[in-house]
Amino acid sequence: MVPFPAAALIVAAGRGLRVGGPVPKQYRMIAGRSVLAHAVAHLGKASEIGRIMIVIQPDDAEDCRIAVEASSIAASRVSIAAGGETRQASVLAGLEALAAEGVPPEAIVLVHDAARPFLSETVILRALIAGGRHGAAIPVLPVTDTLGIVDDGGTLVGTHDRASARIVQTPQAFRFDLVLEAHRRAAAEGRGDFTDDAGVADAYGHAVGTFEGDPALFKITLESDVARAERFLTELSLTEGAVPYETRTGMGYDVHAFTDGDHVWLGGVAIPHERALLGHSDADPVLHALTDALLGTIGDGDIGMHFPPSDEKWRGAASHLFLEDAARRVRERGGRIISVDCTIVCEAPKIGPHRAAIQARIRGILGLKADRVGVKATTSERLGFTGRREGIAAIAVASVAF
Ligand code: MG
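If you're wondering where the values come from, they're calculated on a predicted model, not measured in any experiment.

1. Here we look at a nonpolar patch on the surface
Logical step 1: A surface patch of nonpolar side chains, about 510 Å² in accessible area, is lined by Met-251, Tyr-253, Val-255, Phe-385, Ile-395 and Val-397.
Logical step 2: Contributing elements (two or more residues each) for the nonpolar patch: strand 13 (247–260) and strand 19 (391–401).
Logical step 3: Sorting elements by how many residues they give to the nonpolar patch places strand 13 first, with 3 residues.
Logical step 4: Positionally, Phe-385 belongs in helix 12 (residues 384–387).

2. Side note on the coordination of the magnesium ion
Logical step 1: Each protein donor to the magnesium ion is listed here as Asp-254 (OD), His-256 (NE2) and His-288 (ND1); together their distances run 2.1 to 2.3 Å.
Logical step 2: Counting the intervening residues between successive donors of the magnesium ion yields the motif D-x1-H-x31-H. Exposure class is identical for Asp-254 and His-256. Each is buried.

3. Observations regarding the packing of helix 3 (residues 87–100) against helix 5 (residues 176–188)
Logical step 1: Contact geometry of helix 3 with helix 5 gives a least axis separation of 10 Å together with a crossing angle of 130°. Comparing their axes, helix 5 and helix 3 come out oblique. As for how helix 3 packs across helix 5, the hand of that crossing is left-handed. Only Phe-176, Val-179, Leu-180, His-183, Arg-184, Ala-186 and Ala-187 of helix 5 make contact with helix 3, whose side of the interface consists of Gln-88, Val-91, Leu-92, Leu-95, Glu-96, Leu-98 and Ala-99.
Logical step 2: Here the residues of the contact of helix 3 with helix 5 sort into 10 nonpolar, 2 polar and 2 charged.

4. A look at the packing of helix 8 (residues 285–297) against helix 10 (residues 320–332)
Logical step 1: Across the interface, helix 8 lies against helix 10 with an axial gap of 9 Å and an inter-helix angle of 15°. Classed by the angle they form, the pair helix 8 and helix 10 counts as roughly parallel. Relative to helix 10, helix 8 is oriented so that their crossing is left-handed. When helix 8 is examined against helix 10, the residues Leu-287, His-288, Leu-290, Thr-291, Leu-294, Leu-295 and Thr-297 are found in contact with a partner set consisting of His-320, Phe-322, Leu-323, Ala-326, Ala-327, Arg-329 and Val-330.

5. A few points about unusual backbone geometry
Logical step 1: Omega for the peptide link from Thr-170 to Pro-171 comes to 15°, which places this bond in the cis form.
Logical step 2: Turning to its location among the elements, Pro-171 is positioned in the loop between strand 10 (166–168) and strand 11 (172–175).
Logical step 3: In this chain, Ala-348 is followed by Pro-349 through a cis amide linkage whose omega measures 0°.
Logical step 4: Relative to the elements of secondary structure, Pro-349 occurs in the loop between strand 17 (336–345) and helix 11 (355–366).
Logical step 5: If you check the backbone angles, Glu-381 has positive phi at about 55° while not being a glycine.
Logical step 6: You can see Glu-381 is positioned in the loop between strand 18 (373–378) and helix 12.
Logical step 7: Here Glu-381 falls in the exposed class, since its relative accessible area comes to 64%.
Logical step 8: In this structure, Arg-382 is a non-glycine residue whose phi angle is positive, near 60°.
Logical step 9: With respect to the helices and strands, Arg-382 occurs in the loop between strand 18 and helix 12.

Calculation notes
Residues numbered from 1 in each chain as written. Predicted model: local features only at pLDDT ≥ 70, side-chain atom pairs only at ≥ 80, totals over all residues. Heavy atoms only, no water. Patch = residues over 30% accessible without salt bridge, like charges linked within 9 Å, V, L, I, M, F, W, Y side chains within 5 Å. Areas by Shrake-Rupley, 256 points an atom, 1.4 Å probe, with all protein chains shown as cover. Salt bridge = Lys/Arg side-chain N within 4 Å of Asp/Glu carboxyl O. Helix = DSSP H or I, 4+ residues; strand = E, 2+ residues; numbered from the N terminus. Donors = N, O, S within 2.8 Å, 3.2 Å for Na, K, Ca; no water. Buried < 20%, exposed > 50% of the residue type's maximum accessible area, 1.4 Å probe, protein only. Axes fitted to C-alpha atoms, helices over the stretch in contact; angles between N-to-C directions. Parallel < 35°, antiparallel > 145°, perpendicular 65-115°, else oblique. Left-handed = near helix turned anticlockwise from the far one by under 90°. Contact = heavy atoms within 4.5 Å. Nonpolar A, V, L, I, M, F, W, Y, C, P; charged D, E, K, R; others polar.

Keep in mind these values describe shape, not function.
Spelled out as structure tokens, the structure:
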């Protein structure tokens, strides 16, 4: 078991005074959910990330709970820790909480500012790869404007060298033991002057690598940034890897051969027939195809991978267990099932009389309304194995919104 492939630590304990207004910036609403909820949703969508630790002010517990709920990420993947006086103290508190949960030393931890709501899958992947390669790595962007230096009176007294300057963003990626150790030493030595975690790692002797950042990672700092974020969501075209919300389609196909018996399982319903279907479980090709369709929307293997026929545990198992498990996996990735559709291919039994029962059963398993569950049947005109009445095939498609 690899319970912690990677972890994310979201720093949401700041008071966000610069945006103004009574609400800290991480709880400002953008397109119907808080800035924090957007960040949680994006990090939670990454299948490489197991745990998500959010560091907050204890007073904000209710706002944080609402944000996690709005993110659609399973609450079981998310933990909350109380932050400290400074950002640095809050990060240490979050790291200690991850340590208490048993995150292993070699895991990569992404430390991310809650005020940067838009992380693409591409950025998360870059961070994990760079973190694994360097032990400590940060996303950077080149500086395109001239950097002026002014005196107290606002008069230009010089310029910085732009060529070596970089804009530093988050998520910053670290090997867990490295960043925890550096933060512990900084705290023990009473050093509280670091503005980010790369600074802490650097101060304790770790070379910090860089990887390409993303303009979409901009930080909500000023009131105008809230409007910019709203515009960003509205205007965002279907740029690969930068799609904040999307619909995915998965497909599944399954076949079971006839054997001796007096009923077949189709769509979770036992249908009287002169034959039965042969299989390790209850051999329900409809629920198996639907299970694969759902797994397909999250790229999470297939039914045989999660429930191997070699495992005695699944002998004779009712197939709704498989479909329920796939639906759980989809929801844990922040997915919402929009609709499923299936076609049963057989000469017999006749499906028509059982269609409503099958539809109701699938609706019940997935918690969907009737107009979101399609159940169809066809013969194959006596052609092929289904035509020769050697077995039953089922095809399924699932649409899931993320
Ligand atoms: Mg099967």
